[in-house]
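Below are the chains, spelled out letter by letter.
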Amino acid sequence: MKKSILFTFLSLLIFSFGAQAQNAERYGSSRLTNLSNQLKRQTVDLADRTSEDLRRSNSNSRADIENAFLAHQLDAGAGLFQQMVGDRSRASDLREAVSILSGIARRAPSYGSQGNLWRDAQRTITDIERELGNYGGGGGDDNDGNSSGRVTWRGMVDAKVRIVISGKNLDVNTITGQTYNAGTYNFTSALPRRNVTVDVTKRRGRGDVRIVQQPNRNNNYTAIVEVIDSDSGAREYELEIYWR
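So, a few notes on the structure that sits alongside this text. (Residues numbered from 1 in each chain as written. Predicted model: local features only at pLDDT ≥ 70, side-chain atom pairs only at ≥ 80, totals over all residues. Heavy atoms only, no water.)

1. Quick look at the overall build of the protein chain
Piece 1. Looking only at helices and strands, the protein chain features six helices and eight strands.
Piece 2. Counting from the amino terminus, helix and strand elements in the protein chain follow one another as α-α-α-α-α-α-β-β-β-β-β-β-β-β.
Piece 3. The burial tally for the protein chain puts 38% of its 244 residues in the buried class.
Piece 4. When contacts within the protein chain are restricted to residue pairs at least 6 apart in sequence, those whose partners lie at least 24 apart make up 72%.
Piece 5. Total accessible area on the protein chain is roughly 13,200 Å²; 47% of this is exposed by carbon and sulfur atoms. (Helix = DSSP H or I, 4+ residues; strand = E, 2+ residues; numbered from the N terminus. Buried < 20%, exposed > 50% of the residue type's maximum accessible area, 1.4 Å probe, protein only. Contact = heavy atoms within 4.5 Å. Areas by Shrake-Rupley, 256 points an atom, 1.4 Å probe, with all protein chains shown as cover.)

Given below as C-alpha cells:
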C-alpha cells in the first residue's frame, strides 16, 4: 500500500515538472498581444486599400497587382500570428512566424499609393521581432560570439546618402539631395564589436552602392554604406547589408 501511494506521488510529481517545463517553453506578454493585434489591424487596412486601388484603376501595373496579392498574404499571415500569440505558442515558433511575416513585407515591389501603410506594418513587425528577441540575434550582447548576420534596409534616395551601422543601430545621413526619413530596416543580428567584413547587395535601385568604411577598433566597429543616385528625382532602394 505504501509503495503504491509513493509510486502515485512520484508519478504526479514527474507529471507536474513535465507540465511546468512544457509551459516554460510557451511565450506570452501583454506587449506581444498588443503588437499582434496592432499588426492585424494594419494589415486589414492595407489589404482593403490595395484591393480598392485595383478596382478603381483602369491601368494596373504588375507591381500594383503584386502589391495587392502580397498585402492579402501579409494579412492572412498576421491573422495566423495573432492566433499563435493567443494560444501562447513557443517563443521559437513565434520567432519563425514573424520572420516569415518580415519576408513577405520585404517582397512588396513598390509601396505605391499605400506606402505609409506598408511602412507602418513593417515597423510593427520590427517591434515584434525586438519583443521576441530576434532583433540583435536573440537579444544577446554584442559580444555573444555571433560574427555573421545582416540587416535589410529599404528607403528613398535622392542623390547621396550614407547608411551608418553600429551594433543594432542604423542611421541614414543625407549628404546631398532631398532628405527623407530613415526608411525601414530589419536586423538578423547585431554588427559585432570585432573585425568582420561587411558587404552589400542591391536588391532594388538604379544607382551605385558601396562600402566606404569597414568596422574596426578605431571607428568603434561602425560600418558605413554609401548610396549614390545620379539620375534626377528620388528612387526607392532596397539593400541587404551582411557581414561575416
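2. Describing the packing of helix H2 (residues 30–56) against helix H5 (residues 115–132)
Piece 1. Their axes nearest at 9 Å, the elements H2 and H5 cross at an angle of 160 degrees. Judged by the inter-axis angle, H2 sits roughly antiparallel to H5. Seen along the crossing, H2 lies across H5 with a hand that is left-handed. When H2 is examined against H5, the residues Arg31, Leu32, Leu35, Ser36, Gln38, Leu39, Gln42, Asp45, Leu46 and Arg49 are found in contact with a partner set consisting of Leu117, Trp118, Asp120, Ala121, Thr124, Ile125, Asp127, Ile128, Glu131 and Leu132.
Piece 2. Across the contact of H2 with H5, the residue classes tally to ten nonpolar, four polar and six charged. (Axes fitted to C-alpha atoms, helices over the stretch in contact; angles between N-to-C directions. Parallel < 35°, antiparallel > 145°, perpendicular 65-115°, else oblique. Left-handed = near helix turned anticlockwise from the far one by under 90°. Nonpolar A, V, L, I, M, F, W, Y, C, P; charged D, E, K, R; others polar.)

3. Re the nonpolar core
Piece 1. Residues Leu74, Phe81 and Ile128 are the most contacted members of the largest nonpolar core, which totals 24 residues.
Piece 2. Those elements that provide at least two residues to this core are H2, helix H3 (62–86), helix H4 (91–106) and H5.
Piece 3. The element best represented in this core is H3, accounting for seven residues.
Piece 4. Look past the residues within four positions of Ile128 in its chain and what remains in contact with it is Leu32, Leu35, Ser36, Leu39, Phe81 and Val98. (Core = buried A, V, L, I, M, F, W, Y, C linked by side-chain atoms within 4.5 Å.)

4. Notes on the pairing of strand E1 (residues 149–157)
Piece 1. With seven of its nine residues buried, E1 lies for the most part within the structure.
Piece 2. In terms of strand pairing, E1 meets strand E8 (residues 235–243) through nine bridges, oriented antiparallel. Counterpart to Gly149 in the pairing with E8 is Trp243.
Piece 3. Relative to strand E4 (residues 184–187), E1 runs antiparallel, the two sharing four bridges. Residue Arg154 lies in a different strand from E4, and its bridge partner there is Thr184. (Pairing = 2+ DSSP bridges.)

5. Focus: the pattern of salt bridges
Piece 1. For the structure on display, the rule yields 17 salt bridges.
Piece 2. When the shortest N-O distance is used, the salt bridge between Lys40 and Asp75 registers 2.8 Å. Taken together, the residues span a long stretch of sequence, with Lys40 in helix H2 and Asp75 in helix H3 at a distance of 35 residues.
Piece 3. The exposure class of Asp75 is buried, given its relative accessible area of 14%.
Piece 4. Ionic pairing is found between Arg123 and Asp120, a salt bridge with its closest N-O pair at 2.6 Å. With Arg123 and Asp120 both in helix H5, this residue pair falls three residues apart, about one helical turn.
Piece 5. Given the relative accessible area of 41%, Arg123 is considered partly exposed. (Salt bridge = Lys/Arg side-chain N within 4 Å of Asp/Glu carboxyl O.)

6. A closer look at unusual backbone geometry
Piece 1. Of note in this structure, Arg88 is not a glycine but carries a positive phi near 55 degrees.
Piece 2. One can find Arg88 in the loop between H3 and H4.
Piece 3. For Arg88, a relative accessible area of 45% gives the class partly exposed.

7. Some thoughts on the sheet that holds strand E7 (residues 222–228)
Piece 1. An order of E3-E2-E7-E6 is seen for the four strands of this open sheet, with the pairing classed as antiparallel. Each edge of the sheet is formed by a strand with only one pairing partner; in this case those strands are strand E3 (169–176) and strand E6 (208–213). Within this sheet the neighbouring strands show an average axis-to-axis angle of 25 degrees, counted without direction.
Piece 2. By the bridge criterion, five bridges tie E6 to E7 in an arrangement that is antiparallel. Residue pairing across strands places Asp208 opposite Ile228, the latter belonging to E7.

8. A short note on the packing of aromatic side chains
Where two aromatic rings form a pair, the distance of their centres and the angle of their planes describe that pair.
Piece 1. The tally for this structure, following the rule as stated, stands at two aromatic pairs.
Piece 2. The interplanar angle of 90 degrees and the centroid separation of 5.8 Å between the aromatic rings of Tyr185 and Phe187 together place this pair among those described as edge-to-face.
Piece 3. The exposure class of Phe187 is buried, given its relative accessible area of 2%.
Piece 4. Relative to Trp243, the ring of Phe187 lies with its centre 6.5 Å away and its plane at 50 degrees, an arrangement referred to as tilted. With Phe187 in strand E4 and Trp243 in strand E8, the pair connects residues that are 56 residues apart, well separated along the chain. In this structure, Phe187 and Trp243 share a single accessibility class: buried.
Piece 5. Among the aromatic side chains, those forming a connected cluster through ring pairs are Tyr185, Phe187 and Trp243. (Phe/Tyr/Trp six-rings, centres within 6.5 Å; stacked < 30°, edge-to-face > 60°.)

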